[in-house]
Amino acid sequence: MQLRVIEKHRYRQRLNRITISSIIALLLISLGSSTLLIALFATGSGSNFWLNFSGVVIGCLVVGFSLKRLKTHPYFHDVAYIWDLKHELNLIQRKQRSIDAAAEQNDVIALLILAYSYEASKLVWQLDDNTLMMSELNLAANKLQNKLNAAGLSINLADYRRELLARF
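Since we're looking at a predicted model, the values are computed, not measured. Along every chain, residues carry numbers that run from 1 in the direction the sequence is written. Per-residue local features of the predicted model are confined to residues with pLDDT of at least 70, and side-chain atom pairs are confined, for both listing and counting, to 80 or more; whole-chain, interface and lining totals are unaffected and use all residues. To get the side-chain values, take all heavy atoms of the structure and skip hydrogens and water.

Secondary structure follows DSSP: runs of H or I at least 4 residues long count as helices, runs of E at least 2 residues long count as strands, and numbering of each begins at the N terminus. In this analysis, the expected span of each helix is defined as 1.5 Å times one less than the number of residues it contains. The first and last C-alpha atoms of helix H1 (residues 8-41) sit 48 Å apart over 34 residues, in line with the 50 Å expected at 1.5 Å per residue. Inspection of H1 places Tyr 11, Arg 14, Leu 15, Ile 18, Ser 22, Ser 30, Ser 33, Ser 34 and Leu 37 among the buried residues, and these make up the whole buried set. We call two residues in contact whenever any of their non-hydrogen atoms come within 4.5 Å of each other. Of the surrounding secondary structure, the elements contacted by the buried residues of H1 are helix H2 (49-70), helix H3 (77-94) and helix H5 (108-127). Residue exposure (1.4 Å probe, protein chains only): buried if accessible area is under 20% of the type maximum, exposed if over 50%, otherwise partly exposed.

Looking now at unusual backbone geometry. Despite not being glycine, Asn 106 has its phi angle at roughly 60°, a positive value. Locating Asn 106 in the fold gives a position in the loop between helix H4 (96-104) and H5. The phi torsion at Asp 129 lies on the positive side, around 55°, for a residue other than glycine. Position of Asp 129 among the secondary structure elements: in the loop between H5 and helix H6 (134-151). The class of Asp 129 is partly exposed, set by a relative accessible area of 46%.

Listed as buried for H4 are Gln 96, Ile 99, Ala 102 and Ala 103. Burial along H4 is one-sided: seen end-on, the buried residues are contained in an arc of 130°. The exposed set on the far side of H4, more than 90 degrees from its buried face, consists of Arg 97 and Glu 104. Of the surrounding elements, those touching the buried residues of H4 are H3, H5 and H6. Within this analysis, the arc is defined by the directions that extend from the helix axis to the C-beta atoms.

Turning our attention to the packing of H3 against H5. Each pair of packed helices gets described by two things: the angle between the helix axes and the distance between those axes. A fitted line through C-alpha atoms represents every axis, and for helices the fit uses only the stretch in contact; the resulting angles, taken between N-to-C directions, go from 0 to 180 degrees. One can describe the packing of H3 onto H5 by two numbers: an axis separation of 10 Å at closest approach and a directional angle of 140°. Relative to H5, the element H3 is oriented oblique. In this structure, H3 meets H5 at a crossing whose hand is left-handed. Judged by residue contacts, Tyr 81, Ile 82, Leu 85, Lys 86, Glu 88, Leu 89 and Ile 92 of H3 engage Ile 113, Tyr 116, Ser 117, Ala 120, Ser 121, Leu 123, Val 124 and Leu 127 from H5. By residue class, the composition of the contact of H3 with H5 is 11 nonpolar, two polar and two charged. Here roughly perpendicular refers to angles of 65 to 115 degrees, roughly parallel to angles under 35, roughly antiparallel to angles over 145, and oblique to all remaining angles. We call a crossing left-handed when the near helix sits turned anticlockwise from the far one by less than a right angle, and right-handed when that turn is clockwise. Nonpolar residues are Ala, Val, Leu, Ile, Met, Phe, Trp, Tyr, Cys and Pro. Charged residues are Asp, Glu, Lys and Arg, and all others, Gly as well, are polar.

Quick look at the pattern of salt bridges now. The term salt bridge refers to a pairing of a side-chain nitrogen on Lys or Arg with a carboxyl oxygen on Asp or Glu at a separation within 4 Å. By the definition in use, this model includes 10 salt bridges. Here Arg 4 ties to Asp 78 by a salt bridge, and the two come within 3.9 Å at their closest N and O atoms. Residue Arg 4 is located in the segment before H1, and its partner Asp 78 is located in helix H3; the two are separated by 74 residues in the primary sequence. For Arg 4, a relative accessible area of 30% corresponds to the partly exposed category. Bridged by salt links that share partners, the residues Arg 4, Arg 10 and Asp 78 form one connected network.

Turning to the packing of aromatic side chains, a few remarks are in order. Think of it this way: a Phe, Tyr or Trp ring, Trp meaning its six-membered ring, pairs with another when their centres are within 6.5 Å, and the plane angle makes it stacked under 30 degrees, edge-to-face over 60, tilted otherwise. Evaluation of the coordinates by the stated rule reveals five aromatic pairs. With a centroid separation of 5.0 Å and an interplanar angle of 80°, the aromatic rings of Phe 49 and Trp 50 are classed as edge-to-face. The exposure class of Phe 49 is partly exposed, given its relative accessible area of 47%. For Trp 50, a relative accessible area of 61% corresponds to the exposed category. On the numbers, 5.6 Å between centres and 85° between planes, the contact of Trp 50 with Phe 53 is edge-to-face.

Structural data, given as structure tokens:
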């Protein structure tokens, strides 16, 4: 997955609209299906907890399926890209300990994965206004760059592929 520039204002606007639309759709579908289930199956006495719960599940399924189908729509392009990038960062994070150990031994693949992770995190954090830890991330990226320079290694972030994680 290649890193690319995302326009922050457009991304935030679309993310907010998608989030609000999803919440409203979930609310309306859950309430509507719960009401319909109660009208069809309620006995009149006792709790309707399971019917209400089923309505919420139906709402979640419909909204989730809709988001999955709409993910390829051009309006969702930037938002879906960031969702996928966050997933990629999660996959890297799961193997972070072994990647760090290999990077200490100047493993070029591990160094590439770390550099990609740092740059991708910067992109995501800037778009989500999560700049609290940005200074620490910049320090780690600078430390990695110094390590690469000292070892005489150069990496290209465009060489990153998910398959490289299989080594760790």
